[in-house]
Amino acid sequence: MVVVFLGPPGSGKGTQAERLRDEYGFTHFDTGAALRAEAASGSDFGRRIAAIIEGGNLVPLEVIRELVVRFLAGCDSDRVLFDGFPRNLDQAEVLEAGLAGIGDDLDHAIFLQLSQDALLGRIVNRRICASCGAIYSLVTSPPPGGMCPLDGGELLQRKDDTPEVFTNRLRVYMEQTVPVLDLYRNRGLLREVDGARTVENVTQSILRVVGIDGVGDGA
Ligand code: AMP
């Protein structure tokens, strides 16, 4: 099964992807995390990537193509989840070609919906673990002692999680990613999920639309 998570910045894609990876056996490919790792490497290339991320813009198509092709070549899981990809129509073509190359195709595009006000609130209160990348909210899941409970890592605010950069990320999303939603809607692959509910309820809705038996009473 191949699933992509679509939705504006702050809609909960990363949090839900972690849960599907940890509890439901999905192999998770997070282009943002892969790019942040590259940016942190300190290479010239990494510095160029960091500047693009910190401005809230999309990195060039060829960079994404290389990451995705490499990921697919090394992936033998029968549950695959892309988080933060595809971000525009050209990337949707990269995904289609990449999956065709391994005799597969996309099963579900999950669209996490949330109001713009709620998005900004989530973004400015988000913290990530500097060592394992786990995601926390200062509002709904404040880590005790201000450290990552999984590995004691330092919790940081992403440089692109400011109101100013968020505004540009949202603009990029509206201009470039919304056409991808329309593409998948027209193909009958789009599954709309209300992202404003509890993390657990959203997870249960996602499991239901992709046809996996979850636990708990869900939404
Ligand atoms: P995310 O972690 O998904 O919020 O992504 C953080 C940033 O990484 C984005 O604002 C972009 O600068 C970059 N990025 C992540 N995924 C992609 C992608 N598929 N295409 C281009 N840029 C991306």
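Residues numbered from 1 in each chain as written. Predicted model: local features only at pLDDT ≥ 70, side-chain atom pairs only at ≥ 80, totals over all residues. Heavy atoms only, no water.

## What to know about the site of the ligand
To be explicit about the condition: By convention in these notes, a residue is near a molecule or strand provided one of its non-hydrogen atoms lies within 4 Å of it. Exposure was quantified through the Shrake-Rupley algorithm and a 1.4 Å probe, taking into account, for residues, occlusion by the shown protein chains and nothing else. Helix numbering and strand numbering both begin at the N terminus, where a helix is a DSSP run of H or I of at least 4 residues and a strand a DSSP run of E of at least 2. The residue classification treats Ala, Val, Leu, Ile, Met, Phe, Trp, Tyr, Cys and Pro as nonpolar and Asp, Glu, Lys and Arg as charged. All others, Gly included, are polar.
The environment of the ligand is formed by 16 residues, the closest being Thr31, Arg36, Asn57, Gly84 and Gln91. Within the complex, 95% of the 480 Å² of free accessible area of the ligand lies under protein. Among the elements that line the shell around the ligand, the one with the most residues is helix 2 (residues 31-40), at four residues. Of the residues in the shell around the ligand, the class split is six nonpolar, five polar and five charged.

## Some remarks on the nonpolar core
In plain terms, the rule: As used in this record, nonpolar core signifies buried Ala, Val, Leu, Ile, Met, Phe, Trp, Tyr and Cys residues forming a set joined through side-chain atoms within 4.5 Å. Note on classification: 1.4 Å probe, protein chains only; a residue is buried when its accessible area is under 20% of the maximum for its type, exposed when over 50%, partly exposed between these limits. By the convention used here, residues are in contact when the closest approach between their heavy atoms is within 4.5 Å.
Phe82 and Tyr184 are the most contacted members of the largest nonpolar core, which totals 38 residues. Excluding residues that lie within four positions of it along the chain, Tyr184 makes contacts with Val4, Leu6, Pro86, Ala92, Leu95, Leu106, Ala109, Leu189 and Leu190. Counting 15 residues, the second-largest nonpolar core is a separate cluster that includes Tyr24, Leu112, Val202 and Ile206.

## Quick word on the environment of Asn88
As a reminder, the rule being used: Any pair of N or O atoms that falls within 3.5 Å is considered a polar contact. Within protein, one atom must be able to donate a hydrogen and the other to accept it, and sequence-neighbouring residues count only if both atoms are side-chain atoms.
Among the secondary structure elements, Asn88 is positioned in the loop between strand 3 (80-83) and helix 5 (89-101). Note on Asn88: relative accessible area 14%, which makes it buried. When the C-alpha positions of Asn88 and Ser137 are compared, they lie 28 Å apart, and in sequence the two are 49 residues distant. What Asn88 contacts, discounting residues up to four positions off in sequence, is Leu58, Gln176 and Val180. Polar side-chain contacts of Asn88 include one of 3.3 Å to the backbone nitrogen of Asp90.

## Description of the pattern of salt bridges
Basically, it comes down to this: Any Lys or Arg side-chain nitrogen found within 4 Å of a carboxyl oxygen on Asp or Glu counts as a salt bridge.
For the coordinates displayed, the defined rule picks out 15 salt bridges. Among the ionic pairs, Asp161 bridges to Arg126, the shortest N-O distance being 2.9 Å. Here Asp161, found in the loop between strand 7 (155-156) and helix 7 (163-186), pairs with Arg126, found in strand 5 (residues 126-129); they are 35 residues apart in sequence, far enough to count as distant. Arg126 shares its class with Asp161; the two are buried. Measuring nitrogen to oxygen at the nearest pair gives 3.8 Å for the salt bridge that ties Asp160 to Arg169. Looking at Arg169, the relative accessible area reads 11%, which means it is buried. Linked through salt bridges whose partners overlap, the residues forming this network are Arg126, Arg158, Asp160, Asp161 and Arg169.

## Overview of the pairing of strand 1 (residues 2-6)
Note the cut-off: When DSSP finds two or more bridges between two strands, those strands count as paired.
Counting buried positions over the five residues of strand 1 gives five, a clear majority of the element. Burial along strand 1 is two-sided: Val2, Val4 and Leu6 and Val3 and Phe5, pointing in opposite directions, are all buried. Pairing of strand 1 with strand 3, which is carried by four bridges, proceeds in the parallel orientation. Directly across from Val3, in strand 3, lies its bridge partner Leu81. The pairing of strand 1 with strand 4 (residues 108-113) spans four bridges and is parallel. Residue pairing for strand 4: Val4 is matched across the bridge by Ala109.

## Considerations on unusual backbone geometry
Here the residue pair Phe85 and Pro86 is connected by a cis peptide bond, since its omega of 0° sits within 30 degrees of zero. Assignment of secondary structure puts Pro86 in the loop between strand 3 and helix 5.

## Comments concerning the packing of helix 1 (residues 13-24) against helix 8 (residues 199-210)
This is how the line gets drawn: Every axis corresponds to a line fitted to the C-alpha atoms, with the helix fit spanning only the stretch in contact, and the corresponding angles, defined between N-to-C directions, vary from 0 to 180 degrees. For this classification, under 35 degrees means roughly parallel, over 145 means roughly antiparallel, 65 to 115 means roughly perpendicular, and everything else is oblique. By convention, the crossing between two helices is left-handed when the near helix turns anticlockwise from the far helix through less than a right angle, and right-handed when the turn is clockwise.
Close contact between helix 1 and helix 8 brings their axes to 10 Å; oriented N to C, the two are set at 65°. Between helix 1 and helix 8, the crossing angle belongs to the class labelled roughly perpendicular. Between helix 1 and helix 8 lies a crossing whose hand is right-handed. Packed against helix 1, whose contacting residues are Thr15, Gln16, Arg19, Leu20 and Tyr24, the element helix 8 presents Val199, Glu200, Val202, Thr203, Gln204, Ile206 and Leu207 at the interface. When the residues that make up the contact of helix 1 with helix 8 are grouped by side-chain class, the tally is six nonpolar, four polar and two charged.

## As for the sheet that holds strand 4
Strand order in the open sheet made by the five strands is 2-3-1-4-8, with parallel pairing throughout. Of all strands in the sheet, those with a lone pairing partner are strand 2 (27-30) and strand 8 (190-194), marking the two edges. On average, each strand axis in the sheet is tilted by 20° relative to the strand beside it, whichever way the strands run. Both strand 2 and strand 3 contribute to a ladder of four bridges, which runs parallel. Each residue of the ladder has a partner; that of Phe29, found in strand 3, is Phe82. Its contacts with the sheet put helix 7 on strand 1, strand 4 and strand 8, and the angle it makes with strand 1 is roughly 140°.

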